[in-house]
Amino acid sequence: MSAEPPFPPPGFRRFWAGEAVSGLGSYVTLLALQTLVVLDLEGGATEVGWVSSARWLPYLLFGLAVGALVDRVRRRPVMIASDLTRAALLLAIPAAWAADLLTFPLLVAIVACFGAASLVNDAASMAFLPRLVPRAHLQRAHARIDGADAVAQTAGPALGGLLVRWVGAPLAILADAVSYVFAAVMVATTRMDEPRVRTGGPAPSLRREIAEGVRWVYGASGLARLAVATHVWFAGNAVVSVAIPVWALRELGLSPAVLGLTTAAAGVGALLGAVVTTAVSRRIGTGGAIIAAHAVSMVAVIVAASAGAGPAAVLLGAGQALHGFAMGLSNSHEMAYRQALSPDTLQARTNTTMRSFNRAVIVVVSPLAGMLADRLGPAPALVLAAAIFAAVVLMLLVSPFRHVRLTGWQRLLGDEYSKSSIRCRAAVEGGVVAATRPSNPLALAVLVLLWERPMHPYEMSSTLRERRKEDSIKLNYGSLYSVVDSLQKRGLVEATETVREGRRPERTVYAITDAGGRVMVDWLVELLSTPKKEFTQFEAALTLAAALPPEQVTELLSQRLRNLHFRQKAVEAMFAEAATVKLPRLFMIEAEFSAALLSAETTFVEQLLADLRDGSIGGFAMWQRVHELRRSGLPPEEIEAKINAEFADELTFVTHYEKHD
């Protein structure tokens, strides 16, 4: 394995700078839009909910298609164009306000278009990062981006509050427009050779590509549990986002500037979360860190909801800070986890599929949360959000995801294999990958054959026999078909074409999928690195051999020894033949292992036979006596009594051993 690549890689600093500055502008706009709706346009929680819904509506309508389309093209030009589009759309808000044309419907329309541009940019940037950063450093890269986002979350609302106070909410949005121009410049000057766009051949099916992305996220990738839990989390967060501005500005009577400061506390918390996130995951794992973060969010919302019973600004700020800490703690692990598992050809679809459903939750929940807050009040709405976060914690706690640990060497392994046709991704501990994997070694052999090239089952069988793999793997044609069918149902192989050779029947050719490549490597890593107890038939016979008389066991083992000597001579002849044809040792290592086991078994049987023949094996006399008494026809209870009396010392030791084993 190659040495771990340096961090940060070339170009990352410019990418990071663009993300940091545009993130700062986004938090200014977030506060400015909320203030614009509540104070300038005299809206309530319902209107805030509709604006939030419009922001994320494009993810619901176009997210899956955009992800598939972005996976077809180079990502950097898409990022530049979408950043400039967002800047132009934001400029339209103060322009409409200056012309006295700004209305709530127009604002919603602009925000929806802005959301569409953001959808395209998010799909491209999240798919661009794994090309820019080696997979060994994805979590560190996301942690650094999260740190910058946390600073933006701290300074952005405070700056936004001041700008709203000085120049008004509409003009404050200009700051965000400038930040997107800066981001476009940073990406444009980031030098990186992206893979060329494939040209020629039949046009790919958009519907099929969308379906591939959905199947990947909710199928064999191991992402399904986290994806669903994240959707539920977004429902809770949508309630929080709608309820907090109304809770602060109307119920608690705080000014926009104070709301900005309490929101900035979330940034402070997020910065702290981003700082400690790597250390936390080292102690409790990737899954543990994410679950702990969601538990903190639950507590955070309860604290914010209690602001009406104490110092409002302090409690609201504390709740915001805890919620920010939770997001800073979890985000880098969630992003690194799904990017490490996903191949480059599915990066945009993986991210937009999950984000589309996340934003779909916001689109649906935000207006409902606004209506709930207007009817019952924002405090009960916040309590509901806390209950939703608690449900997320329980969903992940009761699943194998709690054991997931994405380690550095595993991410590096994934990066090295991503250069090959299997598009391998990071191995994941905790049973997530194992759940999609069959246990039959023949299935592993099929995956390895298809990793070499696509084949039909008859060719697989012939190839395995030509390579004499049936000496190591149990093989028959019927079981091979069953294994291929099972692998296809699990999404590890896929049918690519049907071929006919002469008058022979049609045969289906199969190829390994990205998920299959990942499972193949993970399986081999486990089998080669981790010794496991293997329950052999000979071992089972030895542990039960006392049911036969000693003299019969001795004779049977003598027969076995003769067979072992015969097999050893056959193995020696095979090695001599291999040496004659100068067969590389690589193709003989499994035979060497079998020969070593054969030699060890032969030595063991020889020594056991010697001990049996001279009666020196412990317990031999008791064994003989049991069978003498059985031949005499005594009932079992009398045999047991006699043995207990005659061999009390030996049986006392056995009883003591069994109690302390």
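Details of the structure are given in the entry above.
The text that follows walks through the structure, step by step, so that each part is easy to find. (Residues numbered from 1 in each chain as written. Predicted model: local features only at pLDDT ≥ 70, side-chain atom pairs only at ≥ 80, totals over all residues. Heavy atoms only, no water.)

With respect to a positive patch on the surface
Next, step 1: On the surface, Arg13, Arg140, Arg144 and Arg282 cluster together into a patch of positive charge.
Next, step 2: Judged by its relative accessible area of 37%, Arg144 is partly exposed. (Patch = residues over 30% accessible without salt bridge, like charges linked within 9 Å, V, L, I, M, F, W, Y side chains within 5 Å. Areas by Shrake-Rupley, 256 points an atom, 1.4 Å probe, with all protein chains shown as cover. Salt bridge = Lys/Arg side-chain N within 4 Å of Asp/Glu carboxyl O. Lys, Arg positive; Asp, Glu negative; His and termini not counted. Charge placed at Lys NZ, Arg CZ, Asp CG, Glu CD. Buried < 20%, exposed > 50% of the residue type's maximum accessible area, 1.4 Å probe, protein only.)

Here's the deal with the packing of aromatic side chains
Next, step 1: This model, assessed by the stated rule, comprises seven aromatic pairs.
Next, step 2: Grouping aromatic residues by their ring pairs yields a cluster made of Trp233, Phe234 and Phe389.
Next, step 3: Lying over the aromatic face of Tyr458, Arg507 brings its terminal NZ or CZ to 4.4 Å of the ring centre.
Next, step 4: The cationic tip of Arg560 hangs over the ring face of Phe538; the distance from NZ or CZ to the ring centre is 3.7 Å. (Phe/Tyr/Trp six-rings, centres within 6.5 Å; stacked < 30°, edge-to-face > 60°. Lys NZ or Arg CZ within 6 Å of the ring centre and 35° of its normal.)

Topic: helix H9 (residues 224–251)
Given 3.6 residues per helical turn, the α-helix brings residues three or four places apart onto the same face.
Next, step 1: For H9, built from 28 residues, the straight-helix expectation of 40 Å at 1.5 Å per residue is met to within 8% by its first-to-last C-alpha distance of 39 Å.
Next, step 2: Of all the bends in H9, the greatest reaches close to 30 degrees and is centred on Ala243; the proline Pro245 follows between one and four positions later.
Next, step 3: Among the 28 residues that make up H9, 21 are buried, leaving the element largely enclosed by the rest of the structure.
Next, step 4: Just downstream of H9, Gly253 is the residue with a positive phi angle, here 70 degrees. (Helix = DSSP H or I, 4+ residues; strand = E, 2+ residues; numbered from the N terminus. Expected span 1.5 Å × (residues − 1). Bend = angle between axes of the 7 residues up to and from the residue.)

Things to note about the pattern of salt bridges
Next, step 1: In the structure shown here, the tally under the stated rule is nine salt bridges.
Next, step 2: We note a salt bridge from Glu459 to Arg453, for which the minimum N-O separation is 2.6 Å.
Next, step 3: Look at Arg453 and you get partly exposed, because its relative accessible area is 39%.
Next, step 4: Note that Arg631 is salt-bridged to Glu551, the shortest N-O span being 3.7 Å. Pair noted here: Arg631 is in helix H22 (residues 620–631) and Glu551 is in helix H20 (residues 550–580), with a separation of 80 residues, a long-range link.

Re the environment of Ala387
Next, step 1: Relative to the helices and strands, Ala387 is located in helix H13 (residues 378–397).
Next, step 2: For the pair Ala387 and Met298, spaced 89 residues apart in sequence, the C-alpha separation works out to 7.2 Å.

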